[in-house]
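# Summary of the model geometry
Residue strings, one per chain:
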Amino acid sequence: MVDFAGWEMPVQYRSILEEHKAVRAAAGLFDVSHMGEVDVRGPDARRFLNRLVTNDVEKLFPSRVLYSPMCYPQGGVVDDLLVYMRGPENYFLCVNAGNVDKDLAWMREQAAGLEVTITDRSLDYALLAVQGPRAVQIVQSLTEAKLDFLKYYHFTEGAVGGLPCLISRTGYTGEDGCELYHSPADSETLAGTLLAAGASRGLELCGLGARDSLRLEAGYPLYGHEITRDISPLTAGLGWTVKLEKGVDFLGRTALGDEKAKGSPHQVAYFKTGDRRIVRAETPVLDSGGAVAGRVVSGTLSPILNEAIGSALIVTGALSGLLMVDIRGVRLPLQLVKPPFVKLRKLG
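Residues numbered from 1 in each chain as written. Predicted model: local features only at pLDDT ≥ 70, side-chain atom pairs only at ≥ 80, totals over all residues. Heavy atoms only, no water.

Right, let's get into the packing of aromatic side chains. Enumeration according to the criterion identifies eleven aromatic pairs in this entry. Between Tyr84 and Phe155, the aromatic rings sit 5.2 Å apart at their centres with planes inclined by 70 degrees, giving edge-to-face as the arrangement. A residue pair is termed long-range when its members are at least 10 positions apart, and Tyr84 in strand 6 (residues 77-87) and Phe155 in strand 10 (residues 155-160) qualify at 71 residues. Per residue, the accessibility class of Tyr84 equals that of Phe155, and both read buried. Between the aromatic rings of Tyr125 and Tyr181, the centroid separation amounts to 6.2 Å while the plane-to-plane angle is 90 degrees, which identifies the pairing as edge-to-face. Here Tyr125, found in the loop between strand 8 (117-120) and strand 9 (126-131), pairs with Tyr181, found in strand 12 (residues 177-182); they are 56 residues apart in sequence, far enough to count as distant. Side by side, Tyr125 and Tyr181 carry an identical accessibility label, which is buried. Taken together, the ring pairs connect Tyr84, Phe92, Tyr125, Phe155 and Tyr181 into an aromatic cluster. Just above the ring of Phe92 sits the side chain of Arg86; from NZ or CZ to the centre is 5.0 Å. (Phe/Tyr/Trp six-rings, centres within 6.5 Å; stacked < 30°, edge-to-face > 60°. Helix = DSSP H or I, 4+ residues; strand = E, 2+ residues; numbered from the N terminus. Buried < 20%, exposed > 50% of the residue type's maximum accessible area, 1.4 Å probe, protein only. Lys NZ or Arg CZ within 6 Å of the ring centre and 35° of its normal.)

Within the largest apolar cluster, 40 residues are counted, with the highest numbers of intra-cluster contacts made by Phe30, Leu82, Tyr84, Tyr181, Ile227 and Leu256. Taken together, the elements giving at least two residues each to this core come down to strand 5 (65-71), strand 6, strand 7 (90-95), strand 9, helix 6 (208-218), strand 14 (266-272) and strand 17 (307-315). Leaving out residues up to four positions away in the same chain, Tyr84 has contacts with Arg64, Val65, Asn90, Tyr91, Phe92, Cys94, Phe155, Leu166, Ser168, Thr170, Glu179 and Tyr181. Counting residues in each nonpolar core, the second largest holds 27 residues, with Leu60, Met70, Tyr91 and Leu93 among its members. (Core = buried A, V, L, I, M, F, W, Y, C linked by side-chain atoms within 4.5 Å. Contact = heavy atoms within 4.5 Å.)

A word on the packing of helix 1 (residues 16-25) against helix 6. For any two helices packed against each other, the geometry is given by the interaxial angle and the distance between the axes. Between helix 1 and helix 6, whose axes approach to 8 Å, the crossing angle comes to 50 degrees. One way to sum up the angle between helix 1 and helix 6 is to call them oblique. Note on packing geometry: the crossing formed by helix 1 with helix 6 is right-handed. Across from Ile16, Glu19, His20, Val23 and Arg24 in helix 1, the residues of helix 6 making contact are Gly209, Ala210, Ser213, Leu214, Glu217 and Ala218. Residues belonging to the contact of helix 1 with helix 6 are distributed by class as follows: five nonpolar, three polar and three charged. (Axes fitted to C-alpha atoms, helices over the stretch in contact; angles between N-to-C directions. Parallel < 35°, antiparallel > 145°, perpendicular 65-115°, else oblique. Left-handed = near helix turned anticlockwise from the far one by under 90°. Nonpolar A, V, L, I, M, F, W, Y, C, P; charged D, E, K, R; others polar.)

Before going further, it helps to spend a moment on unusual backbone geometry. In this structure, Pro340 follows Pro339 across a cis peptide bond, with omega equal to 10 degrees. Looking at the element boundaries, Pro340 is found in the segment after strand 20 (335-337). At Ser63, a position not held by glycine, the phi torsion is positive, near 90 degrees. Tracing the backbone through its elements, the reader meets Ser63 in the loop between helix 2 (45-52) and strand 5. Phi angles above zero are rare outside glycine, and Arg328 is one such case at about 50 degrees.

Given below as structure tokens:
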């Protein structure tokens, strides 16, 4: 157990390696109740959110979920979040645990003068995530909700194991699955029910260690690593979330438009090494002449590939040349990879 954003969180239950493999082969159960939840309601809620985030909130309809960065005017990222549309004036956000206070202050500042109410609901929800190729089968055995008809990045509300839940077809592993928002008072019972239902289907309890190796293997960004106040969505390779053409002067639009026109001076690139030695964050990335061309922002061992993988913020001009890292006096060349690092079932 470790402290994470003020929460006591499990790094692992049995083995990061085995938990990771269980999610890729069968299913894993994650307690991610540390995540923050926010209600955004009112006549101006839709207009407010479309100005707040870079993706296009106008595309949403009830039961739809949208992933988006939320940016500062200079293009850096305040946070990345999920936007759930419950109704035309009723939205529900899921934000990163370490950013809850900052996010709320930022949202309320941007909402000045608008008919919108922003409510912190973080302590009103616990969140369990069931992820893996058998995840939906496990959850379906406990609910009358028709999960086969629940598309990726959609949600519904219903009972799971007799307990009220918001059932979201989302996750952070690259696998299919569900995230279950529910009352904290029900969390222990719901977890036990899920574990019992999944016992014969290979369900494993999973901690933060496997969560990080799975998300990196899938090529998903983590706030504070691939995206930060100083690393824009375009630099991070999240250009698909930046809708410059959506017709709204959203926060960061001018700076991101300039970056897209001129090109990003740095890029987040993903790599593997062919070696098992983990390349830790902040390790310098060197060019062929040994000069520093960037730094590693995330690094781990891929249990599936059995080699070190990671991401690095690199000077754009250096991406076409040889890049390497020095690990205790041994220089390892980096092989740049377009994620995901492993074959994942296409979700949609």
